[in-house]
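Inside the fold
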Amino acid sequence: MEHLPVFLRLRAAPAAVVGGGQVAQRKIELLLRCGAEVTVIAPQLCEELAARAAAGEIRHLAEAFHPSHLDGARLAIAATDRKVVNTAVSEAARSRALPVNVVDDPALSTFIFPAIIDRSPIVVAVGSAGNSPVLTRWVREQIEALLPATLGALARFIGERRKAVQEALAPSARRSFWERIVAGKVGSRVLRGDAGGAQRDFERELRASQLTTSGATGARALGEVYLIGAGPGDPDLLTLRALQLLQQADVILYDRLVPQAVLERSRREARRVFVGKGATQGPRGPHTDQGRIHELMVRYAREGLKVARLKGGDPFVFGRGGEELETLARHGIPYVVVPGITAALGAAAASGIPLTHRKMAQSFTLVTGHPLEDAALDWPALARPHQTVVFYMGVAHLAHIVSRLSSAGAPLTLPAALIERATLPEQRTLRGTLQTIVALGREAGIAPPALLVIGEVAALNVEALAEACGAPAERAAIAAEAGDRTEGDLA
Ligand code: SAH
């Protein structure tokens, strides 16, 4: 390790910053967040710093740097664009044994600024000792995505109750008590913003722990179920909450539509149980899949486990999520529902087909293409113009769907698209019309999971249009420029 990561307390401590530009300003903002008393030494200040000086939030010395400016300071920062000045600050600070940072110059610095994830009072600092700011930023983004925005609230919740727990529990019982609070129901309630529920569960846990340590044995606490939409397949399309809960789960019940890459984002130690079609075929004969899923969810939750029920797309869009919730509610098992990107939205984005379009489609409808539901559908309504209709579960019955639409009045020239395994690396998109789409799909061997999109928008391909206009090259240039910064600046 080249640097010792420490957290420096700077409340009311004098800090000297040499330089009055935007780079200095970013450092000053950080110092002010920690309550430091900042003095800026610079002939001129940028607009934001001038405003802060005028408001009395920082002290400004409109002078050229002199070593005596560091007298009494606890920390020095040099952020000028002149090497001689930066070197002078560094030397003066070092001769006074004062920690010094020269922005973008590790050789002149005795400390560097890490990239920061701020969920105060929880703070994570990431650094690469100046080797790769881009990698540091990537690491920060990974951690950032995993930490709930409300983590600070959980830290405060615990901080406010530490003393009471110290008085109530023997030292040997405290650690496992707090572990249950952080990883259990109380923690997830605080993170969700349910302060009242968290307090109730906290009191219950505390009483149970007191009983257990005094010799009585309490019943094991009930677990909970997270009904999580995994999105259309690309793991980067998981929501932040889905990722967070996947990291907390003890057991994961997943089905066929959830790809390996998504499962890999879950906690390594979690038990993974496949509950998709065919999972229950065995010597004891077929079993209803849905019934077994209900049974497993209830059983694991009763064992006190945190169960992630991971479903493709969104749990409430052709996902039978409603039935699963009814079962949980009937058994009094707490649950959380996390929405996911439904296949139609993933497919639209990944194939460049906008589902609505000012000139072509004023609405879109998500329909099941399952033949069992056929009679319940209003085919004349689905055949009307100026809309987009997306069929789920329809690949096996394409010819039937197309003939139903056309007998209900849809023209054979109406554009149609098939999108197979949308958002996954092997995605395929076929574009045609009501007249051609069945043959196109058959020739290409399109298989589930795939969607059928009907409507004028199905002829569009926004992505191809952007490429034709040279947009990607421009995007790459912008991205390259954005990567060219230092760790501290990215903090
Ligand atoms: N709850 C899911 C839908 C489950 S029904 C959601 O919100 O997306 C299963 C159907 O979804 C499949 O038959 C297929 O039509 C569609 N589907 C799911 N993932 C898909 C994908 N990656 N590409 C295309 N279609 C998909």
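Time to look at the site of the ligand. As a matter of local geometry, the ligand sits amid 17 residues, with P232, V317, T342, A422 and A450 nearest to it. Between the ligand and G312, the relevant distance is 3.0 Å, taken from a nitrogen atom to a main-chain nitrogen or oxygen of the residue. Here the ligand has 540 Å² of accessible area as a free molecule, and 92% of this is covered by the chains. Its residues placed into classes, the shell around the ligand shows 12 nonpolar, three polar and two charged.

The subject of this paragraph is the confidence of the model for the chain. For the chain, the average pLDDT comes to 89, and 90% of its residues sit at 70 or higher. A low-confidence stretch, residues 282-287 (pLDDT under 50), is modelled with five contacts involving residues beyond four sequence positions or located in other chains. For the stretch residues 478-486, pLDDT sits under 50, and the model shows seven contacts to residues farther than four places along the chain or on other chains.

A separate point is the packing of helix α1 (residues 22-33) against helix α2 (residues 47-54). Where α1 contacts α2, the two axes come as close as 9 Å, and the packing angle between them is 40°. Considered as vectors, α1 and α2 are oriented oblique to each other. Every residue of α2 that contacts α1 at Q22, Q25, I28, E29 and L32 is listed here: E48, L49 and R52. Within the contact of α1 with α2, the residues separate by chemical class into three nonpolar, two polar and three charged.

So, on to the packing of helix α5 (residues 151-168) against helix α7 (residues 185-192). Direction vectors running N to C along α5 and α7 enclose 125°, while the axes themselves pass 8 Å from each other. Accordingly, the angle class assigned to the pair α5 and α7 is oblique. For α5 against α7, the interelement crossing comes out right-handed. Contacts between α5 and α7 involve L151, A153, L154 and F157 from the former and V186, G187, V190 and L191 from the latter.

Taken together, the side chains of M1, L4, V6 and L8 make up a nonpolar region of the molecular surface, amounting to roughly 530 Å² of accessible area. Among the structural elements, L4 can be located in the segment before β1 (14-18).

With that out of the way, let us pick up the pattern of salt bridges. A full pass over the atoms with the stated rule returns 23 salt bridges. Between R52 and E57 there is a salt bridge, with the nearest N and O atoms lying 2.5 Å from each other. A residue is classified by how much of its surface remains accessible, and R52, at 23% relative accessible area, is partly exposed. Salt bridges sharing partners connect three or more residues here, namely R189, D194, D201 and R204.

So, how was this worked out
- Residues numbered from 1 in each chain as written.
- Predicted model: local features only at pLDDT ≥ 70, side-chain atom pairs only at ≥ 80, totals over all residues.
- Heavy atoms only, no water.
- Near = heavy atom within 4 Å.
- Polar contact = N/O pair within 3.5 Å; in protein donor to acceptor, adjacent residues only side chain to side chain.
- Areas by Shrake-Rupley, 256 points an atom, 1.4 Å probe, with all protein chains shown as cover.
- Nonpolar A, V, L, I, M, F, W, Y, C, P; charged D, E, K, R; others polar.
- pLDDT = per-residue confidence, 0-100.
- Contact = heavy atoms within 4.5 Å.
- Axes fitted to C-alpha atoms, helices over the stretch in contact; angles between N-to-C directions.
- Helix = DSSP H or I, 4+ residues; strand = E, 2+ residues; numbered from the N terminus.
- Parallel < 35°, antiparallel > 145°, perpendicular 65-115°, else oblique.
- Left-handed = near helix turned anticlockwise from the far one by under 90°.
- Patch = residues over 30% accessible without salt bridge, like charges linked within 9 Å, V, L, I, M, F, W, Y side chains within 5 Å.
- Salt bridge = Lys/Arg side-chain N within 4 Å of Asp/Glu carboxyl O.
- Buried < 20%, exposed > 50% of the residue type's maximum accessible area, 1.4 Å probe, protein only.

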